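# Survey of secondary and tertiary structure
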Amino acid sequence: TLEPRRLKARCLAGSKISPTRASRHRAATLVSPTFVQSLRAMDAPKASPPAALAKDKAEALRAFLDAQPPGAGGEEVLQAWGRLYDEAMRGVVVQTVSGPSDDDANPVFPYEKLQAVIGDGGNWKWPRMWQRLDELERRGAAYRDGERLNFGQPNKNTGIVPQRVLVVGGGPIGLRLAIELRLGGHQVTVVEKRREVRDAEGALQQLGFTNRINRPHMWNFVRNDLARLNGKDFMSREACYPVFTEPETSSIGIDELQVLLLKNMLLLGCDFRLGVQYDDAKVAPDPQTGRPAWAVQCTYDGQAAERFGMEDGRNTQFFDVLIGCDGPRSRVRETQTKHFGKVEKRKFMDCVGIVVNVRKVGRKRLRQMGFESGLEPGDMNRSKLVFPEMFKRLAEEADADVEQLIYYKASHHNYAILVPKRADLVKHGLSGKVYTFARGRENAAADGQTEEKGKLRAYCRRVLQVAGIPVDDEAENGGFVDAPNDCMAFDFAECWNTKRSIVFDVPPPGHDAGRAGERADGDAVPLVGLCGDALMEPFWPQGLGLKRGWHAIMDTCYAVDNLYNRACSARLLGRIPEEVSWQEHCLALREQVNANFEMCNRLLVAEELAKGEYSQKGPVMMQLRKIFQDAEQPAFEVEIDPWTRYAPLEKQRGDEWKLHMRDPKWQHPRVAKAIAMKLYYDEVCGGGARGELRYSGKALVSVGSRAAPHSAAAGGCGGAVAAGVRRSVAEGG
């Protein structure tokens, strides 16, 4: 069982459609026969896993899901994953539409093996978790024709050639990029050098990769994306509140975001290597084919070397694609300058951005501090231009010349951003130096003990208290969280960005460097790219980091997916693939990649994507209203296709939709998927007094070399679903 009927519409974006009998029958007539056949396959009896293994893995899964900030970070998640997905689980075989799974010939995602062994584990949320993971859209080699989870939709990109991809950096952008690449069938490895270091007493000496608690602004399409990635189940109720229920000031902690994405990435089979530092990469072409690869030099610390069977110290590994998601001072960008060009510096006003994290204050103490209601103030985003009286009061009572103040309530602390003039900091006895997170990461123990850091805390306390934000002087660290997250200052006198986002020059498939007449490809370059702050350092008080970062993720996947896909360039050129030469393909793809980068830089975001929902006057809603009387607006989910994300390209596609709409038989792909999903959910949510959902995943074949016994009772809802679909199709004509 999953959830009450009143929540059924929220199970999936696009399923919020009237469940009337007439509309269900009409929907059934519009569903593809392949989809119906995939539901019938759910009738087959399933094998039962060994009881001890199922119980052990259910407990391990619970520990894995419960590991989240502030009690646990990324390293605890990785430890829990090691216990959950061990050799026994890797040896599990499940049934797919193309036969038993095989890690080489017919691979499945780790979560599909886990589900076959654990099932619902006695937890009502877990079937919903498995279902949402099923609904993540596959493409390329990850797509299996005839699977129920496709909802009758075709493979969006059949021309993907799977690549070995190295992603450098385990921040939010690197993790989300790894997820999307994995859904395209690519082999993805993420390396992250930042590991926590503690002394013998357990005191933190060096921060790890998930210790940042800053809270970037959450945009509508990013929030929809996190909901699709089990955000409401993988995150605690307290952590979910500011993300999914505060539309105007929605925010998320960087640590919370990283842990959420890390769990998804592991469940989908990405290889995450902690304690591994990227050093350099050289082009290493294959002597026979001329196809270039990256010979990447990485330094493994002792723990990583033992964990992954590598040498302690520097190792060389080979990858087809190299992507730097390693922040504004990117090592990938530094070592590949000849490909990306010199870094451009953008000048801003002479301001310093200060991040402040203060401790939560209880209701009783709030009343003692003068907050009569015992409640914290609401979120705020104020600038001097719009709220001159407030900033005049800050100048008079706090003696602070501040340009902007942002305040977000979070689950376990409160977060603020101050943007003062540098001269104002100097006026208050501060040198104007910055106290960056990078410096704090290097020496966490000493960071909070400097004299200037104390002055910075005092400055922030005065500003926040005058602004009506509670800071309890009597609490530990004067009301601030522990250093270095208590307060950090960032210099915005200048920010950096690169001239090019992605570079490649590869020979065509089947190329033979030794064949007469073939070019030697001595200048061939495997694909290398930058993403997130490594590509473009944002002016983050405006909250643009995640907005640009998510587009850069999808743009990178567009380039990697279509690197060898001549059909993509043929569409760009308005020709058929057979007429497009390899040079024309590379040129067309390169031009589109550069255009995507420019639109990302200028934030030319499509209107529907920005709002996070489909327009009432657009083709999706027009067609849905013709089929369902009270059709609601489905959530708009971000896709790789740049024509769905960027306004100039959306206008081109919109004009094409207008022509398609004249054909009464034409159906928008999103509408076709919504119909199939509605039919599925109407059937599987139809049983029980509360309308609970019954989930059925891939059947277990064997555990290790032992075949699991079959149980007719383990068939789940397959028979009911298939029978219901057959009944609806028959009744609907």
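Below you will find a few notes about this structure. As a convention, each chain's residues are numbered from 1 in the sequence order in which they are written. Only residues with pLDDT of at least 70 are given local features in this predicted model, and only at 80 or more are side-chain atom pairs given and counted; all residues enter the totals for whole chains, interfaces and linings. Hydrogens and water are ignored here; the side-chain numbers use all heavy atoms of the structure.

### What about the sheet that holds strand 16 (residues 402–409)?
If you walk across this open sheet you meet the 5 strands as 15-16-17-14-18, and the pairing is antiparallel. The open sheet has two edge strands with one neighbour each: strand 15 (380–383) and strand 18 (487–491). On average, adjacent strands in this sheet sit at an angle of 10° to one another, irrespective of strand direction. Bridging between strand 16 and strand 17 (residues 413–420) involves 7 bridges; their strand directions are antiparallel. One bridge is not enough; two strands pair if DSSP finds at least two bridges between them. Secondary structure elements are taken from DSSP: a helix is a run of H or I of four residues or more, a strand is a run of E of two residues or more, and numbering for both begins at the N terminus. Every axis in this analysis is a line fitted to C-alpha atoms, fitted for helices over the stretch in contact. Angles between the N-to-C directions lie between 0 and 180 degrees.

### Comments concerning the sheet that holds strand 11 (residues 313–319)
Backbone-to-backbone hydrogen bonds join strands into a sheet, with any given pair of strands oriented parallel or antiparallel. Ordered in space as 9-10-11, the 3 strands form an open sheet in which the pairing is antiparallel. Each having just a single partner strand, strand 9 (276–285) and strand 11 make up the two edges of the open sheet. The average angle at which neighbouring strand axes cross in this sheet is 25°, direction not considered. Where strand 9 meets strand 10 (residues 292–300), 9 bridges bridge the pair, whose relative direction is antiparallel. Among the inter-strand pairings, Lys-282 is bridged to a residue of strand 10, identified as Ala-295.

### Quick notes on a nonpolar patch on the surface
On the surface, a cluster of nonpolar side chains totalling about 330 Å² of accessible area is made up of Leu-385, Val-386 and Phe-387. Looking at the secondary structure, you find Leu-385 in the loop between strand 15 and helix 17 (388–397). A patch is a set of surface residues, each over 30% in relative accessible area and not in a salt bridge, joined within 9 Å for like charges and within 5 Å for the nonpolar side chains Val, Leu, Ile, Met, Phe, Trp and Tyr. A 1.4 Å probe and the Shrake-Rupley method give the accessible areas. Residues count as covered only by the protein chains that appear here. For this document, the term salt bridge refers to a Lys or Arg side-chain nitrogen within 4 Å of an Asp or Glu carboxyl oxygen.

### A few points about the nonpolar core
Here the nonpolar core consists of buried residues drawn from Ala, Val, Leu, Ile, Met, Phe, Trp, Tyr and Cys, with membership extended through side-chain atoms lying within 4.5 Å. Any residue under 20% of the maximum accessible area for its type is buried, any over 50% is exposed, and the rest in between are partly exposed; the area is computed with a 1.4 Å probe on protein chains only. Counting 148 residues, the largest nonpolar core has Phe-64, Leu-226, Met-265, Phe-272 and Trp-550 as its most contacted members. At 9 residues, the largest contribution of residues to this core is made by helix 22 (residues 545–561). The contact definition used throughout considers only heavy atoms, calling two residues in contact when any of these lie within 4.5 Å. If sequence neighbours within four positions are ignored, Phe-272 has contacts with Leu-78, Gly-170, Leu-175, Val-190, Glu-192, Phe-209, Leu-262, Met-265, Leu-266 and Phe-308. Core analysis: the second largest hydrophobic core is formed by 29 residues, Val-358, Leu-430, Leu-456 and Leu-464 among them.

### Focus: the pattern of salt bridges
Counted according to the given criterion, the structure contains 45 salt bridges. With a shortest N-O distance of 2.6 Å, Lys-698 and Glu-112 are connected by a salt bridge. Remark: Glu-112 occurs in helix 6 (residues 110–118) and Lys-698 occurs in the loop between helix 28 (669–684) and strand 22 (700–703); sequence separation between them is 586 residues. Comparing Lys-698 with Glu-112, the two get one shared label, buried. A salt bridge links Arg-176 to Asp-225, with the shortest nitrogen-to-oxygen separation between them at 2.7 Å. In this pair, Arg-176 is assigned in helix 8 (residues 172–182) and Asp-225 in helix 9 (residues 220–228), connecting sequence segments 49 residues apart. The exposure class assigned to Arg-176 is buried, which follows from its relative accessible area of 1%. In the salt-bridge network here, residues are joined through shared partners; they are Arg-139, Arg-176, Glu-180, Asp-225, Arg-228, Asp-561 and Glu-637.

### Overview of the environment of Leu-563
Position of Leu-563 relative to the elements: it lies in the loop between helix 22 and helix 23 (566–573). What makes Leu-563 buried here is its relative accessible area of 2%. Separated by 55 residues in sequence, Leu-563 and Pro-508 have C-alpha atoms that sit 9.6 Å apart. Each residue touching Leu-563, except ones within four places of it in the same chain, is listed here: Gln-163, Phe-504, Val-506, Leu-527, Trp-582, His-585 and Leu-589.

### Here we look at unusual backbone geometry
Cis geometry is found at the peptide bond from Pro-69 to Pro-70, where omega equals 0°. Turning to its location among the elements, Pro-70 is positioned in the loop between helix 3 (51–66) and helix 4 (74–84). Residue Pro-484 is bonded to the preceding Ala-483 through a cis peptide linkage, with omega at 5°. Secondary-structure assignment places Pro-484 in the loop between helix 21 (451–466) and strand 18. Even without being a glycine, Asn-230 presents a positive backbone phi close to 65°. Topologically, Asn-230 is positioned in the loop between helix 9 and helix 10 (231–234).

### Some words on the packing of helix 8 against helix 22
Contact geometry for helix 8 and helix 22: axes closest at 10 Å, N-to-C directions at 35°. As helix 8 packs across helix 22, the resulting crossing turns out to be right-handed. Between helix 8, through Ile-173, Arg-176, Leu-177, Glu-180 and Leu-181, and helix 22, the contact on the second element is made entirely by Gly-549, Trp-550, Ile-553, Met-554, Thr-556, Cys-557 and Val-560. The residue inventory of the contact of helix 8 with helix 22, partitioned by class, reads 8 nonpolar, 2 polar and 2 charged. Working rule for handedness: look at the near helix, and if it is turned counterclockwise from the far one by less than a right angle, call the crossing left-handed; if clockwise, right-handed. The classification used treats Ala, Val, Leu, Ile, Met, Phe, Trp, Tyr, Cys and Pro as nonpolar, Asp, Glu, Lys and Arg as charged, and all other residues, Gly among them, as polar.

Function cannot be inferred from these measures alone, as they are strictly geometric.
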